[in-house]
Amino acid sequence: MNNRKSEIDKIIKDMVKNKYLPYANAITKIKKDRKGYFQAKDIKLKSKSLSTDRFQQYLKTIQEEDDTQ
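Reading the values: the criteria
Per chain, the residues get numbers from 1 upward, laid out in the order the sequence is written. Local features are withheld for residues below a pLDDT of 70 in this predicted model, meaning they are given only at 70 or higher, and side-chain atom pairs are given and counted only at 80 or more; totals for whole chains, interfaces and linings count all residues. As a convention, hydrogens and water are excluded, and side-chain values are obtained from all of the structure's heavy atoms. Helix and strand definitions here come from DSSP, where helices need a minimum of 4 consecutive H or I residues and strands a minimum of 2 consecutive E residues; each element is numbered from the N-terminal end. Radius of gyration here uses only the C-alpha atoms, and the compact-globule reference equals 2.2 Å multiplied by the residue count raised to the power 0.38. Each residue is placed in one exposure class: buried if its accessible area under a 1.4 Å probe, protein chains only, is under 20% of its type's maximum, exposed if it is over 50%, and partly exposed if it falls in between. Here the positive residues are Lys and Arg and the negative ones are Asp and Glu; neither His nor the chain ends is included. In this description, the location of a charge corresponds to atom NZ of lysine, CZ of arginine, CG of aspartate or CD of glutamate. Any carboxyl oxygen of Asp or Glu that lies within 4 Å of a side-chain nitrogen of Lys or Arg is treated as forming a salt bridge with it. Here a pair means two rings of Phe, Tyr or Trp (six-membered ring of Trp) with centres within 6.5 Å. Their orientation is stacked below 30 degrees between planes, edge-to-face above 60, and tilted elsewhere.

This brings us to the overall build of the protein. A tally of regular secondary structure across the protein gives four helices and zero strands. Moving toward the C terminus, one meets the helices and strands of the protein in the order α-α-α-α. The C-alpha atoms of the protein give a radius of gyration of 20 Å, which is well past the 11 Å a tight globule of 69 residues would have. Dimensions of the protein, computed from the C-alpha atoms along their principal axes, are close to 65 × 25 × 15 Å. Residues classed as buried in the protein amount to 9% of the 69 residues present. Side-chain charges in the protein split into 17 positive and 10 negative, and the spacing between the mean points of these groups amounts to 9 Å.

Below, the structure written as structure tokens:
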């Protein structure tokens, strides 16, 4: 009985996680391209916090790092 209850709880938790769209979308994107997902997230945050010149410089450094790898 207790084992069955824990199985049902696990199924319900999985359904809730998979149906919550922002969570499900984030997990899918991270699985596809982990580095790209976090880099895009970082770029979005930096675009709001940095000035235009510094943000452009930041983008150039990212591009140079990607070209060398």
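Once the structure has been displayed, the description carries forward.
Evaluation of the coordinates by the stated rule reveals four salt bridges. A salt bridge links Glu7 to Arg4; the nearest nitrogen and oxygen atoms lie 3.7 Å apart. With Glu7 and Arg4 both in helix α1 (residues 2–19), this residue pair falls three residues apart, about one helical turn. Note on Arg4: relative accessible area 52%, which makes it exposed. Put simply, Lys5 and Asp9 hold a salt bridge, and the shortest N to O gap is 3.5 Å. With Lys5 and Asp9 both in helix α1 and four residues apart, the pair spans about one turn of that helix.

Let us look at the packing of aromatic side chains. Per the counting criterion, the structure on display carries one aromatic pair. For the pair Tyr37 and Phe38, a centre-to-centre distance of 5.2 Å together with 80° between the ring planes defines the contact as edge-to-face.

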